[in-house]
Amino acid sequence: MMQPSPKQGLSTRGVWGGKAASAPEGATVMPVFHGVTFAYEDLDEWRQVAEGTRPGHIYSRNTNPTVQVFERTMQALEGTEAATSFATGMAAISNTFFALLSPGDRVVSIRDTYGGTNRILTEFLPEWGVEVTLCATEDHEAMEREIGRGCTAVYLETPTNPTLKILDVARLARSAKEAGALVMVDNTFATPINQRPLELGADLVLYSATKFLGGHSDAMGGAVLGARSLVERIFRYREINGASLDPNSAFLLSRGLATLELRMERHNRNAQRVAEFLVGHPAVGDVFYPGLPSHPGHDVAREQMSGFGGVLAFSLRDEGPPDEGRLHDRIGRFLGGLRLAHRAASLGSVATLVGPPSVTSHVELTPEGRARAGIPESLIRYSVGIENAEDLIRDLDGALQEATDS
Ligand SMILES: *Cc1c(COP(=O)(O)O)cnc(C)c1O
C-alpha cells in the first residue's frame, strides 16, 4: 500500500492518497459498497469494531469503505490528521457548528458568507442561543475588534461568493488564537490546490465537495478536516445526525480528486484570461477576480493563494438613467446569447456555469439581504470551466454584443 506523504506533490496525493490495500480481489479502484450493513461471524471481533478498537465497518451511516477512500484522499491532499465527510457542503457546515457550539457561545463572521451559511448564522444559531456578529467582509480592523471582545469561533470564507472578496486568514487566525477562539475556514472556492488554511493558522477547513472537488456537477458532498480531537467530535455528531455521504457520490467525488490539480491549473488559467478580457470590454462594468491587480484583495491573495481560482463575477455596463426593466432585459439577452455556459446554479464544474447570484448562491436571501451583503441585482457570476479559453472569450464577446445591440 502506498503511504501518502506530505512531501509528495498534490497530484500524487490526489491519485494515491486514498488507496487502501482493503479493496477486494486486488481491485485497483475501491468499488461502490452499496451494502448498508457489515456482517461478523465472531462476536468479539464485532464488538471490537463497534467499540472502535479494531478497524472495520458496522453500518453505512457511520462508516463505509467507499466513503472512507474519499475521506483519506481529502486527508492526504490537505496534509492533516483527520477528515470526515457529509452528504452536502451545508451538512458539513451545519454539523460543525452544532457539534462544537453551545448556547451562550459567540461566533464572529463576515456578511458575505455563502447564502445557506448566512441563514444558519443569522437565523438558526441565534434561535439556539448562540450570539453571532457579522462584520463587513473586508474590514479586518472591525473583525479584530470583535474577535478581541471574546468569542468561541471565528468563521471565515475566502474568496467569498460571489464578489470574490479576500480575507487575510493568517492575520485573523492570530487574533483568534489570542482570544482562544477556533478558526473555521470554508475553502470551497480555493480548494487545497490554491489555498491551505490549516497552514495559515486555521483549526478546521470545510468544503462543499459538490463544487471543484468533485468537479463534474454530478455528485453532492461535503468534508471537514483538521486535528483529530475536533474532527472526532464532529463525526460523533454526524453519525447520529445522519447527514452521511452516499457511497455512490463518494465514488464520483474520489474520481474527481484524482484530477483536481490538473483541473484547478486550467480553471485558474482560464479565469485569469477571461477576467483580463472582460476588464477591457466596453460593455462590461466592474469585474471581480482576485487575480486582477485592480482587485482590493489582490496583494493578500497573492501571498496566501497559489492560484486565484475559477470563479469570477462582473456587471454589465449600464448607461443612462437607472432603469430596472432595461437592465433585466440586458442580462436576459446576455445570458441567452451564451452558447458555452449552462445557465445554472452551482460552480466548479468542468463546464462553464453562469447565473445571477439572485437566483443561484444567494437565492436564500431577500433583495434587501443581498443589498446588505453588497451583491448588486445586476451582478453575473461566471464559473469558468476547463474549455478552451479562446472559445469562452469568443462566446462572451458574442453575448456581450447581443446584450448591447438595441
Ligand atoms: C455551494 C457552497 C456551499 C454549500 O454546499 P452544498 O454542497 O451545496 O450544500 C457552501 N459554501 C460555499 C462557498 C459554496 O459555494
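Refer to the preceding data block for the structure.
My aim in this report is to walk through the structure given alongside it, one point at a time. Bear in mind that the values here come from a model prediction, so they are computed numbers and not experimental data.

## Some thoughts on the overall build of the protein
Turning to step 1, where the next piece is worked out: Assigned secondary structure in the protein consists of 15 helices and 12 strands.
Turning to step 2, where the next piece is worked out: Relative to the compact-globule value of 22 Å for 406 residues, the protein shows a C-alpha radius of gyration of 22 Å, a close match.
Turning to step 3, where the next piece is worked out: By its C-alpha atoms, the protein is 80 × 50 × 35 Å across when sized along the principal axes.
Turning to step 4, where the next piece is worked out: Here the protein holds 406 residues, and the buried ones make up 54% of them.
Turning to step 5, where the next piece is worked out: In the form shown here, the protein has an accessible surface area of approximately 17,600 Å², with 52% of it arising from carbon and sulfur atoms.

## Quick look at the sheet that holds strand β3 (residues 131-135)
Turning to step 1, where the next piece is worked out: Taking strand neighbours across the sheet as the criterion, the 7 strands line up as β1-β7-β6-β5-β4-β2-β3 in an open arrangement whose pairing is mixed. For this open sheet the edge positions go to β1 (82-86) and β3, each flanked by a neighbour on one side alone. On average, adjacent strands in this sheet sit at an angle of 20° to one another, irrespective of strand direction.
Turning to step 2, where the next piece is worked out: Sheet topology places β1 next to strand β7 (residues 222-226); 5 bridges connect them, and they run antiparallel. If you follow Ala83 over to β7, its bridge partner there is Leu225.
Turning to step 3, where the next piece is worked out: Helix α3 (residues 65-78) rests against β1, β6 (204-208) and β7 of the sheet, and its axis sits at about 130° to β1.

## Quick notes on the side chain of Ser175
Turning to step 1, where the next piece is worked out: Locating Ser175 in the fold gives a position in helix α7 (residues 169-178).
Turning to step 2, where the next piece is worked out: By relative accessible area, which is 13% here, Ser175 ends up buried.
Turning to step 3, where the next piece is worked out: Within the local environment of Ser175, its side chain forms a polar contact with the backbone oxygen of Leu172, the two atoms lying 3.3 Å apart.
Turning to step 4, where the next piece is worked out: When residues no more than four places from it in sequence are discounted, the contact partners of Ser175 are Glu144 and Ile147.

## Looking at the site of the ligand
Turning to step 1, where the next piece is worked out: Surveying the vicinity of the ligand reveals 15 residues, the closest of which are Met90, Asp186, Ser208, Thr210 and Lys211.
Turning to step 2, where the next piece is worked out: Backbone polar atom of Met90 to an oxygen atom of the ligand: 2.8 Å apart, as the coordinates give it.
Turning to step 3, where the next piece is worked out: Side-chain polar atom of Asp186 to a nitrogen atom of the ligand: 2.7 Å apart, as the coordinates give it.
Turning to step 4, where the next piece is worked out: Protein chains bury 94% of the 380 Å² of accessible surface belonging to the ligand in isolation.
Turning to step 5, where the next piece is worked out: Counting residues per element, the shell around the ligand draws most heavily on helix α4 (residues 89-100), which supplies 3 residues.
Turning to step 6, where the next piece is worked out: Here the residues of the shell around the ligand sort into 5 nonpolar, 7 polar and 3 charged.

## So, the pattern of salt bridges
Turning to step 1, where the next piece is worked out: Inspection of the entire model under this criterion finds 16 salt bridges.
Turning to step 2, where the next piece is worked out: Note that Arg196 is salt-bridged to Glu199, the shortest N-O span being 2.9 Å.
Turning to step 3, where the next piece is worked out: Between Glu239 and Arg236 there is a salt bridge whose closest N-O contact spans 2.8 Å. Separated by 3 residues within a single helix, Glu239 and Arg236 lie in helix α9 (residues 228-241), roughly one turn from each other.
Turning to step 4, where the next piece is worked out: Taking relative accessible area as the criterion, Glu239 reaches 12% and is therefore assigned buried.
Turning to step 5, where the next piece is worked out: Beyond isolated ion pairs, a larger network of salt bridges with shared partners links Arg106, Glu131, Glu146 and Arg149.

## A word on the nonpolar core
Turning to step 1, where the next piece is worked out: Grouped together as the largest cluster of nonpolar side chains are 34 residues, with contacts concentrated most on Val274, Leu278, Leu312, Phe314, Phe334, Tyr382 and Leu396.
Turning to step 2, where the next piece is worked out: Of all the elements in the fold, those that place two or more residues in this core are α11 (260-279), β8 (284-288), β9 (311-316), α13 (324-337), β12 (379-383) and α15 (389-404).
Turning to step 3, where the next piece is worked out: In terms of residue count, the dominant contributor to this core is α15 (6 residues).
Turning to step 4, where the next piece is worked out: When sequence neighbours within four positions are dropped, the list of residues in contact with Phe334 reads Phe314, Leu316, Ile380, Leu396, Ala399, Leu400 and Ala403.
Turning to step 5, where the next piece is worked out: One finds Ala83, Leu245, Val311 and Leu347 within the second-largest nonpolar core, a separate group that totals 28 residues.

## Description of the packing of aromatic side chains
Turning to step 1, where the next piece is worked out: Within the structure shown, the criterion is met by 6 aromatic pairs.
Turning to step 2, where the next piece is worked out: Plain terms: the ring middles of Tyr40 and Trp46 are 6.4 Å apart, the flat faces sit at 15° to each other, and that makes the pair stacked.
Turning to step 3, where the next piece is worked out: Relative accessible area serves as the criterion here: at 18%, Tyr40 is assigned to the buried category.
Turning to step 4, where the next piece is worked out: Trp46 gets classed as partly exposed once you look at its relative accessible area, which sits at 41%.
Turning to step 5, where the next piece is worked out: Aromatic side chains Phe97 and Tyr155 sit 5.0 Å apart centroid to centroid with 45° between the ring planes, which places their arrangement in the tilted category. Here Phe97 is found in helix α4, whereas its partner Tyr155 is found in strand β4 (residues 153-157), with 58 residues between them in sequence.
Turning to step 6, where the next piece is worked out: The class for Phe97 is buried, based on a relative accessible area of 0%.
Turning to step 7, where the next piece is worked out: Given the relative accessible area of 1%, Tyr155 is considered buried.
Turning to step 8, where the next piece is worked out: One aromatic cluster in this structure is built from Phe314, Phe334 and Tyr382.
Turning to step 9, where the next piece is worked out: Lying across the ring of Phe86, Arg238 places its NZ or CZ 6.0 Å from the centre.

What counts, and where the lines are drawn
- Residues numbered from 1 in each chain as written.
- Predicted model: local features only at pLDDT ≥ 70, side-chain atom pairs only at ≥ 80, totals over all residues.
- Heavy atoms only, no water.
- Helix = DSSP H or I, 4+ residues; strand = E, 2+ residues; numbered from the N terminus.
- Rg over C-alpha atoms; globule rule 2.2 N^0.38 Å.
- Buried < 20%, exposed > 50% of the residue type's maximum accessible area, 1.4 Å probe, protein only.
- Areas by Shrake-Rupley, 256 points an atom, 1.4 Å probe, with all protein chains shown as cover.
- Pairing = 2+ DSSP bridges.
- Axes fitted to C-alpha atoms, helices over the stretch in contact; angles between N-to-C directions.
- Contact = heavy atoms within 4.5 Å.
- Polar contact = N/O pair within 3.5 Å; in protein donor to acceptor, adjacent residues only side chain to side chain.
- Near = heavy atom within 4 Å.
- Nonpolar A, V, L, I, M, F, W, Y, C, P; charged D, E, K, R; others polar.
- Salt bridge = Lys/Arg side-chain N within 4 Å of Asp/Glu carboxyl O.
- Core = buried A, V, L, I, M, F, W, Y, C linked by side-chain atoms within 4.5 Å.
- Phe/Tyr/Trp six-rings, centres within 6.5 Å; stacked < 30°, edge-to-face > 60°.
- Lys NZ or Arg CZ within 6 Å of the ring centre and 35° of its normal.

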